[in-house]
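# Structural features, examined
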Amino acid sequence: MPNRLGIASMSLGRPGIHDLLSKLRAASAYGFQGMELFFDDLDHLAKTSFHGDHFAAAHHVHHVCTTLHISIICLQPFWHYEGLLDRNEHKRLLTEKLPKWFKLAAILGTDLIQIPSNFLFPHPETGKPRTTGDMSVIVSDLQEIADLGLQQSPRVRFVYEALAWGNHINKWEESYEIVEQVNRPNFGICLDTFNIAGRVYADPTCPTGKTPNADADLQASLALLRSRVDLSKVFYVQIVDGERLSAPLNESHPFYVQGQPSRMSWSRNARLFAFEEDRGGYLPVLDVAKAFFDIGFEGWVSLELFNRSLADPDPTTPRSHAKRGFESWKKLVSALGLDTGVTSSVPNLDGTFSYPTSSLPVQHRL
């Protein structure tokens with residue numbers, strides 16, 4: 001299976017500022033074949049065009065995606081789920097939210113729902129934690145949701161990702177251990193260059209932007225990844241970089257948010273596409289990405305970028321980010337010799353895009 005290029009809907013513009021359909025057209029124009037659909041984008045479309053009907057909005061998105069030859073990679077994020085101390089909320093998520101997401105996924109034509117590791121903040125009034133680090137509870141919760149996915153027809157898969165600022169699960173090693181313990185065929189992992197390097201290599205609160213033993217720790221982590229990860233458990237990968245800040249992210253930094261983990265604040269404002277060193281990119285993205293492909297990964301490669309630039313109200317924002325993402329992809333394919341199943345695909349000077357395969361639209365114009 002060749003590697004296919006995807007992007008997150010949030011990576012082309014902010015919901016409420018840039019509409020989802022413009023993002024889909026921009027992605028198609030620059031050769032993206034898939035999109036991670038964020039519920040916020042679907043919700044905004046539903047509220048603005050379909051009287052709040054998420055199912056009607058999903059049907060419309062599916063129609064547009066079919067026209068543009070774009071697949072929905074996954075629906076995400078099904079967040080703040082595992083390890084909740086409030087078991088009534090746990091039950092509500094399974095009995096009220098999840099059935100709706102199953103139906104939305106089916107309409108959108110995807111069998112995949114993404115679960116990020118829980119980063120629910122302490123209770124705003126009591127300051128008490130709202131999640132547990134008890135691995136038996138976390139694993140049990142994820143087994144429960146995976147089993148419900150297996151009962152669907154067709155079955156629904158779940159992809160778990162360790163966020164670098166997760167409450168209890170913030171390294172790929174921890175998330176993979178959970179995947180192994182959950183031990184369900186429809187439960188796998190997402191490997192992300194930003195969250196891996198952003199946790200073990202980068203520290204936005206330090207003047208250097210790096211942890212004390214950044215290089216050695218990262219290499220040890222990648223060596224373990226190459227030796228331990230079962231390829232069948234990797235459902236897709238994400239490849240982006242991060243910006244080295246000009247000053248440590250402390251209370252005086254413009255990105256600082258009280259009570260929010262520094263890596264989360266950094267991530268929300270300062271992710272970059274790979275090979276954007278001119279914009280401040282400094283993470284060893286190629287080293288991390290190479291480990292993914294060294295274990296034999298082939299499939300969806302998604303560019304999940306968050307950045308303050310996405311809030312620019314300029315209507316060309318989705319297109320400019322799609323172009324940057326495509327340029328990053330071309331360099332990644334060249335650097336790692338990736339199999340994409342095509343010989344070349346480049347934008348034309350007149351703003352159209354030519355595809356070399358007969359299965360995709362030719363000269364699609366925005």
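Right above here is the structure, for reference.
The following paragraphs examine the structure supplied in this document. (Residues numbered from 1 in each chain as written. Predicted model: local features only at pLDDT ≥ 70, side-chain atom pairs only at ≥ 80, totals over all residues. Heavy atoms only, no water.)

### A short note on helix H11 (residues 317-336)
End to end, H11 covers 29 Å across 20 residues, agreeing with the expected 28 Å (1.5 Å per residue, within 8%). Within H11, burial applies to Thr317, Pro318, His321, Ala322, Arg324, Gly325, Phe326, Ser328, Trp329, Leu332 and Val333. Downstream of H11 by one or two residues, Gly337 has phi in the positive range, about 60°. (Helix = DSSP H or I, 4+ residues; strand = E, 2+ residues; numbered from the N terminus. Expected span 1.5 Å × (residues − 1). Buried < 20%, exposed > 50% of the residue type's maximum accessible area, 1.4 Å probe, protein only.)

### So, the pattern of salt bridges
What the rule picks out here adds up to 17 salt bridges. With a shortest N-O distance of 3.6 Å, Glu276 and Arg279 are connected by a salt bridge. When its relative accessible area of 42% is taken as the criterion, Arg279 is described as partly exposed. Each of Glu89, Arg92 and Glu96 takes part in a single network of salt bridges with overlapping partners. (Salt bridge = Lys/Arg side-chain N within 4 Å of Asp/Glu carboxyl O.)

### Quick look at helix H8 (residues 214-228)
Over its 15 residues, H8 runs 21 Å from end to end, which matches the ideal 21 Å to within 8%, given 1.5 Å per residue. Residues of H8 that are buried include every one of Ala214, Leu218, Ser221, Leu222 and Leu225, and no others. Within H8, the buried residues cover an arc of 95° as seen down the axis, which keeps them to one side. Turned more than 90 degrees away from the buried face of H8, the exposed residues are Ala216 and Ser227. Looking at the buried side of H8, the elements it contacts are helix H6 (172-182), strand S6 (187-192), helix H7 (193-200) and helix H10 (285-294). (Arc of directions from axis to C-beta. Contact = heavy atoms within 4.5 Å.)

### Details of the packing of helix H3 (residues 54-68) against helix H4 (residues 87-108)
Packing of H3 against H4 leaves a shortest axis separation of 8 Å and a crossing angle of 25°. Put simply, H3 runs roughly parallel to H4. When the axes of H3 and H4 are compared, the crossing they make is right-handed. When H3 is examined against H4, the residues His54, Phe55, Ala58, His59, Val61 and His62 are found in contact with a partner set consisting of Lys100, Lys103, Leu104, Ile107 and Leu108. (Axes fitted to C-alpha atoms, helices over the stretch in contact; angles between N-to-C directions. Parallel < 35°, antiparallel > 145°, perpendicular 65-115°, else oblique. Left-handed = near helix turned anticlockwise from the far one by under 90°.)

### A look at the nonpolar core
Judged by nonpolar contacts, the single largest core of 105 residues is most densely connected at Leu24, Val61 and Leu142. For this core, the element with the most residues is H4, which contributes eight residues. Beyond its immediate chain neighbours, meaning those up to four positions away, Leu24 contacts Met35, Val61, Val64, Cys65, Leu68 and Ile70. Core analysis: the next-biggest nonpolar cluster, separate from the first, contains eight residues, Ile73, Leu112, Cys190 and Tyr236 among them. (Core = buried A, V, L, I, M, F, W, Y, C linked by side-chain atoms within 4.5 Å.)

### So, unusual backbone geometry
Only a minority of non-glycine residues have a phi that is not negative, and only a minority of peptide bonds are not trans. Residue Gln76 is joined to Pro77 through a cis peptide bond whose omega torsion reads -5°. Looking along the chain, the bond that leaves Ser153 and enters Pro154 is cis, with omega of 0°. Tracing the backbone shows Pro154 in the loop between helix H5 (135-150) and strand S5 (157-161). Notably, His80 is not glycine yet its phi reads approximately 55°, a positive angle. Among the structural elements, His80 can be located in the loop between strand S3 (71-76) and H4. A relative accessible area of 19% means that His80 is categorised as buried.

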